[in-house]
Amino acid sequence: MKAKFSFYAKHGFLCLAFLFLPYAFTSTNSAFSLPNLYSNNHDRIYLFIYFSLLCFFYFNYYYLIPKYYFLNKQFLYFIIIACFLLFFLWISRFLDHPDHNFLDFGNHPEPLLNHPNPFERGLKPPPHFQDMPPKPMPFDTMGGPPTQYGHTALVYLLGVISSLLFAISNRLQNVEREKMKSELAFLKAQINPHFLFNTLNSIYALALKKDDKTPDAVIQLSELMRYIITNANDQVIDLNKEINYINNFVSLQKTRLGQTVNVDYKVNGNSYGKAITPLILISFIENAFKHGVNPDQTSVICIYIDIVDEELTLFVSNRKTFSVKSETGIGLQNTIERLTLLYPDRHQLKIEDAIDKYIVNLSIKVG
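What you see is a predicted model; the values in this text were computed from it and never measured.

Participant: So what exactly am I meant to see when it comes to the sheet that holds strand 5 (residues 311-319) here?
Facilitator: Backbone-to-backbone hydrogen bonds pair the strands of a sheet. The strands run either parallel or antiparallel. Sheet architecture is open: five strands sit in the order 2-4-5-7-6, paired in mixed fashion. The open sheet terminates on both sides in strands that have one partner only, identified here as strand 2 (261-268) and strand 6 (347-353). Sheet twist, expressed as the mean angle between neighbouring strand axes with direction ignored, is 5°. The pairing of strand 2 with strand 4 (residues 299-308) spans eight bridges and is parallel. The partner of asparagine 262 across the bridge, within strand 4, is valine 300. Strands in contact with helix 8 (residues 282-291) are strand 2, strand 4, strand 5, strand 6 and strand 7 (357-365); relative to strand 5, the strand with the most contacts, it is inclined by about 5°.

Participant: Looking at this structure, how should I read a nonpolar patch on the surface?
Facilitator: Among the surface-exposed residues, Phe7, Tyr8 and Tyr62 lie close enough to one another that they form a single nonpolar patch of about 370 Å² accessible area. Summarising the element assignment, tyrosine 8 is placed in helix 1 (residues 2-19).

Participant: How should I be thinking about the packing of aromatic side chains in this particular structure?
Facilitator: Within a pair of aromatic rings, the relevant descriptors are the distance that separates the centres and the angle that separates the planes. Evaluation of the coordinates by the stated rule reveals 20 aromatic pairs. Centroid distance tyrosine 69 to tyrosine 77: 5.6 Å. Interplanar angle 70°. Geometry classified as edge-to-face. Given a relative accessible area of 0%, tyrosine 77 falls into the buried group. Among the aromatic residues, ring-to-ring pairing joins Phe56, Phe59, Tyr63, Phe84, Phe87, Phe88, Trp90 and Tyr156 into one connected group.

Participant: Would you mind going over the pattern of salt bridges with me for this structure?
Facilitator: Once their charged atoms are close, side chains differing in charge can pair, the charge on each being opposite to the other. Per the stated rule, a full pass over the model turns up four salt bridges. Two residues, lysine 365 and glutamate 311, come together in a salt bridge whose shortest N-O distance is 4.0 Å. With lysine 365 in strand 7 and glutamate 311 in strand 5, the pair connects residues that are 54 residues apart, well separated along the chain. Overall, the relative accessible area of 33% leaves glutamate 311 in the partly exposed class. With a closest N to O distance of 2.4 Å, aspartate 353 and lysine 320 form a salt bridge.

Participant: Please explain the nonpolar core as it appears in this structure.
Facilitator: A general trend in soluble globular proteins is that nonpolar side chains are found buried together. Ranked by size, the top nonpolar core spans 45 residues in total, and within it Ile246, Ile285, Phe289, Ile303, Leu312 and Leu314 carry the most contacts. Here this core gets eight residues from one element, more than from any other, and that element is helix 7 (residues 239-257). Sequence-distant contacts of isoleucine 246, defined by excluding residues within four places in its chain, comprise Tyr265, Leu281, Ile282, Ile285 and Ile305. Listed in part, the 26 residues of the second largest apolar core include Ile45, Ile81, Leu85 and Phe88.

Participant: Any chance you could explain the packing of helix 6 (residues 214-231) against helix 7 here in plain terms?
Facilitator: Close contact between helix 6 and helix 7 brings their axes to 9 Å; oriented N to C, the two are set at 150°. The orientation of helix 6 relative to helix 7 falls into the category roughly antiparallel. For helix 6 against helix 7, the interelement crossing comes out left-handed. When helix 6 is examined against helix 7, the residues Ala217, Gln220, Glu223, Leu224, Tyr227, Ile228 and Asn231 are found in contact with a partner set consisting of Lys241, Glu242, Tyr245, Asn248, Phe249, Ser251, Leu252 and Thr255. Partitioned by chemical class, the residues of the contact of helix 6 with helix 7 number seven nonpolar, five polar and three charged.

Participant: Would you take a moment to explain the pairing of strand 5 for this structure?
Facilitator: Note on strand geometry: in a regular strand, side chains alternate between the two faces of the sheet. Sheet topology note: the strand 4/strand 5 ladder contains eight bridges and is antiparallel. Directly across from tyrosine 304, in strand 5, lies its bridge partner phenylalanine 315. What sits between strand 4 and strand 5 in their antiparallel hairpin is a turn of two residues, with aspartate 309 showing a positive phi close to 55°. With nine bridges connecting them, strand 5 and strand 7 associate as antiparallel partners.

Thresholds, definitions, all that
Residues numbered from 1 in each chain as written. Predicted model: local features only at pLDDT ≥ 70, side-chain atom pairs only at ≥ 80, totals over all residues. Heavy atoms only, no water. Pairing = 2+ DSSP bridges. Helix = DSSP H or I, 4+ residues; strand = E, 2+ residues; numbered from the N terminus. Axes fitted to C-alpha atoms, helices over the stretch in contact; angles between N-to-C directions. Contact = heavy atoms within 4.5 Å. Patch = residues over 30% accessible without salt bridge, like charges linked within 9 Å, V, L, I, M, F, W, Y side chains within 5 Å. Areas by Shrake-Rupley, 256 points an atom, 1.4 Å probe, with all protein chains shown as cover. Salt bridge = Lys/Arg side-chain N within 4 Å of Asp/Glu carboxyl O. Phe/Tyr/Trp six-rings, centres within 6.5 Å; stacked < 30°, edge-to-face > 60°. Buried < 20%, exposed > 50% of the residue type's maximum accessible area, 1.4 Å probe, protein only. Core = buried A, V, L, I, M, F, W, Y, C linked by side-chain atoms within 4.5 Å. Parallel < 35°, antiparallel > 145°, perpendicular 65-115°, else oblique. Left-handed = near helix turned anticlockwise from the far one by under 90°. Nonpolar A, V, L, I, M, F, W, Y, C, P; charged D, E, K, R; others polar.

The structure is reproduced here in structure tokens:
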């Protein structure tokens, strides 16, 4: 609702600025004088012409360009544009001088009323006028057809070109947006089976040990899958739901691993009223359990989530179980790509991949 109001307010302001553009500076050099629509015929004509050009701008943007230009009918589109140009030239000429021919490009200064011709009735001009070489009369810039046509054509062509540029730019943005949606859908399709595979392995390990916690693990898995099915395809989700999802995941891992891992998991700050992209944090946490747990020794995993105002900080640290460089899983790599697509200027990711430890420090705007 707020975005729509801002959109209409911006367009309304620009339309008013365009309509009052001819009156910004008058011949008396006074700035921003209001048009005298009651007694000034030229002011009324200018207002009507500019209002018509403004209507055509939106007609061209929302109808002509999508219907003709973007459907490979450019030749027909430019014919229509030329016809409208002739129409606006005719209507501007007709309103200002209805008694003149539209195709007459000559200059027709209005005769002075009740002013006698000084050289009529056989009167001759003074001698010094006879010896002066003939000079062309100065062009009347206050309403002559060439100047008037040029002004109308200039404003019209600027409107056509700007509407074309805006439409093409908006179309490219839509194409880029759809491309991003397709890429994100593909990345999510890879993340969900990957996560489900690892979680089922965890429950399978509990079942092999006939652990009494197996039913609780199944319930926790059902909560995780319900979140994935109902919320993972949303563009954003309440941060509180994402934190609850991580809580279930960590609890499930604690249940599976038992005493073999020491998990230091803390969440600080208020998560209510904030939003985040679904499944954008879990891959870093999942990666710590994947590469930081060894059943034959006690492992340590630290997971800290701090929420301060509109910034969330995720710190994940795990000690590698083997003295080899950890391989980055497909889920983690996809999450890094999603961060680049969705939070290009709103996140900072630092990964320390040492021989014996792996540390992730992520800051992301969640407001």
